Amino acid sequence: MLFVQKVGGTSVGSLERIRSVARRVLRTRQGGHRVVVIVSAMSGETDRLLGLAHQLSARPDHREVDVLISTGEQVAAALMALAIREAGGDAVSFLGHQIHVHTDSAHSRARIQSVDATRLLEVVGQDRIPVVAGFQGVDDAGNITTLGRGGSDTSAVAVAASLEADRCEIFTDVDGVFTADPSICAEARKIHRISYEEMLELASLGAKVLQIRSVEVASRYRVPVHVRSSFNEEEGTMVMAEDESMEKVLVTGVTLDRNDARITLRALPCRPGIQSEVFRPLGEAGVVLDIIVQNLPQQGTTDLSFTLPRSDLDAALTISRRVARELGAGEVVSQDRVAKVSIVGLGMRSHAGVAQRMFDLLAREGIDILMITTSEIRVSCVIDPKYGELAVRALHEGFRVGAESAPTERPCS
């Protein structure tokens, strides 16, 4: 079998940890499997490099920042290759441009467009272990690009897809994907198998185990992903195509995202296309919106609210105030801190009353809901941040998260 194994951060945070990972890679190799290793920078290195850039410039050029921070992965790849060699293996390191991880030109948040697996297959065919610097690629002009926080996960899954690998293993400092954040909910349990769709929802809602784009790539190319700890040999969580048994679990996970803000445009004129006029300049500025709620019109006007990452609040407020003036709307108000608590599960497709039950559980704790959004397998509520952890615990207990659906629940007809 061909395995792609990704390590980084605390997993390679010291030379001893790098040696430990090298021994683990060789144990996989000695088990008869071919291995390709993807590495991200040593723990804290990317932040250190970014700090240097910001000491020199308040707004450093994105292209030069990519050149700078990509060196963290270059160092880690070379050290890992050396460690594997010292442990008795035969390894060779590669940077993103050397195996031609082709991306677009969006510096600091580039998207992978293709991976040329030719060189990697040659090295694997020579019974050697390629060690690839994750997080980085190259655009059409030959510029170094980076993929954003957690981008090495995406590198690993994209390489696995290009190699048609049997499995992509993501080694982290946690034991897998949990039903909730264990630091918030003591009853959180490890999920042994989860569908791509559920993992995609969890990643987009604040679960930080996998970068969302890595899940998108895994889903598109049906790459089985095993999320597991680099500090023990226990089985972790398999992210895979759904099967019938997964729908027996009503709620698979509860997430909490405390990094959002909210903006409301008051007394917005009601006319066709007004929403487009509000959101177009925000989209052009790269502001990513999440939940959008429009109230019922009253006397020809309405209120329009939306949530967005807190980091984009200042820019979005400037744009929204300008747009409100141009459209003849009323005041623009904001909250710089809101929380979003969500439940996710394939079982929601076949059970009615899930949202109502969520609202009841929150109401019992005296938690007011500010905004609501749903999908086929997810319900999200925007609440005051001070109630975030209480909400997670109440929902986790109330839904018996991770357990099979109770027989008393009424299925959809």
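Preceding this section is the structure that the text describes.
Here goes a summary of the coordinates provided.

Considering the sheet that holds strand 14 (residues 292-294)
Okay, so step 1: If you walk across this open sheet you meet the six strands as 14-15-13-16-18-17, and the pairing is antiparallel. Strand pairing shows two members of the sheet lacking a second neighbour, strand 14 and strand 17 (371-375), which therefore form its edges. Across the sheet, the mean angle from the axis of one strand to that of its neighbour is 25 degrees, orientation sign disregarded.
Okay, so step 2: Here eight bridges tie strand 13 (residues 253-269) to strand 15 (residues 301-309), and the two strands are oriented antiparallel to one another. Looking across to strand 15, one finds that leucine 268 is bridged to threonine 302.

Focus: the nonpolar core
A general tendency of soluble globular proteins is for nonpolar side chains to be buried together.
Okay, so step 1: Counting residues in each nonpolar core, the largest one holds 44 residues, and the members touching the most others are Val4, Val36, Cys168 and Val225.
Okay, so step 2: Element by element, the count of residues in this core is highest for helix 5 (residues 151-163), at seven residues.
Okay, so step 3: Discounting residues that sit within four places of it in the chain, valine 36 has contacts with Leu2, Phe3, Val4, Gln5, Val124, Pro130, Val132, Val159 and Leu163.
Okay, so step 4: Core analysis: the next-biggest nonpolar cluster, separate from the first, contains 25 residues, Ile343, Ile367, Cys381 and Ile383 among them.

So, the state of the cysteines
Okay, so step 1: For the coordinates displayed, the defined rule picks out zero disulfides.
Okay, so step 2: Note on cysteine 185: no disulfide assigned, nearest cysteine sulfur contributed by cysteine 381 at a separation of 17 Å.
Okay, so step 3: Owing to a relative accessible area of 4%, cysteine 185 belongs among the buried residues under this scheme.

As for helix 10 (residues 354-364)
Okay, so step 1: Burial in helix 10 covers these residues: Val354, Met358, Leu361 and Leu362. Buried residues in helix 10, looked at end-on, bunch into an arc of 95 degrees, giving them a common side. Those residues of helix 10 that are exposed and aimed more than 90 degrees away from the buried face are Ala363 and Arg364.
Okay, so step 2: In the core, the buried residues of helix 10 are packed alongside strand 16 (332-344), strand 18 (378-383) and helix 11 (388-398).
Okay, so step 3: Positive backbone phi, at 70 degrees, marks glycine 366, one or two positions downstream of helix 10.

Concerning the packing of helix 10 against helix 11
Okay, so step 1: Remark: helix 10 packs on helix 11, axes separated minimally by 9 Å, with the N-to-C direction vectors making an angle of 130 degrees. Regarding the angle of helix 10 to helix 11, the classification is oblique. In the packing of helix 10 onto helix 11, the handedness of the crossing is right-handed. Here helix 10 contributes Arg357, Met358, Leu361 and Leu362 to the contact with helix 11, which in turn contributes Ala391, Ala394, Leu395 and Gly398.

Here's the deal with unusual backbone geometry
Okay, so step 1: For arginine 222, which is not glycine, the phi torsion reads 55 degrees and is therefore positive.
Okay, so step 2: Tracing the backbone through its elements, the reader meets arginine 222 in the loop between helix 7 (212-221) and strand 11 (225-229).
Okay, so step 3: A positive phi angle, close to 50 degrees, is found at alanine 267, a residue other than glycine.
Okay, so step 4: Its location among the elements puts alanine 267 in strand 13.

Quick look at the pattern of salt bridges
Okay, so step 1: Inspection of every chain in the model, using the stated rule, returns 27 salt bridges.
Okay, so step 2: With a shortest N-O distance of 3.4 Å, aspartate 90 and arginine 128 are connected by a salt bridge. Of this pair, aspartate 90 sits in the loop between helix 3 (62-86) and strand 3 (91-94) while arginine 128 is found in the loop between helix 4 (118-125) and strand 6 (129-133), placing the two residues 38 residues apart along the sequence.
Okay, so step 3: Of the residues examined, aspartate 90 reaches a relative accessible area of 32% and is grouped as partly exposed.
Okay, so step 4: Ionic pairing is found between glutamate 201 and arginine 378, a salt bridge with its closest N-O pair at 3.4 Å. Here glutamate 201 is found in helix 6 (residues 196-204), whereas its partner arginine 378 is found in strand 18, with 177 residues between them in sequence.

How each quantity is defined
Residues numbered from 1 in each chain as written. Predicted model: local features only at pLDDT ≥ 70, side-chain atom pairs only at ≥ 80, totals over all residues. Heavy atoms only, no water. Pairing = 2+ DSSP bridges. Helix = DSSP H or I, 4+ residues; strand = E, 2+ residues; numbered from the N terminus. Axes fitted to C-alpha atoms, helices over the stretch in contact; angles between N-to-C directions. Core = buried A, V, L, I, M, F, W, Y, C linked by side-chain atoms within 4.5 Å. Buried < 20%, exposed > 50% of the residue type's maximum accessible area, 1.4 Å probe, protein only. Contact = heavy atoms within 4.5 Å. Disulfide = S-S within 2.5 Å. Arc of directions from axis to C-beta. Parallel < 35°, antiparallel > 145°, perpendicular 65-115°, else oblique. Left-handed = near helix turned anticlockwise from the far one by under 90°. Salt bridge = Lys/Arg side-chain N within 4 Å of Asp/Glu carboxyl O.

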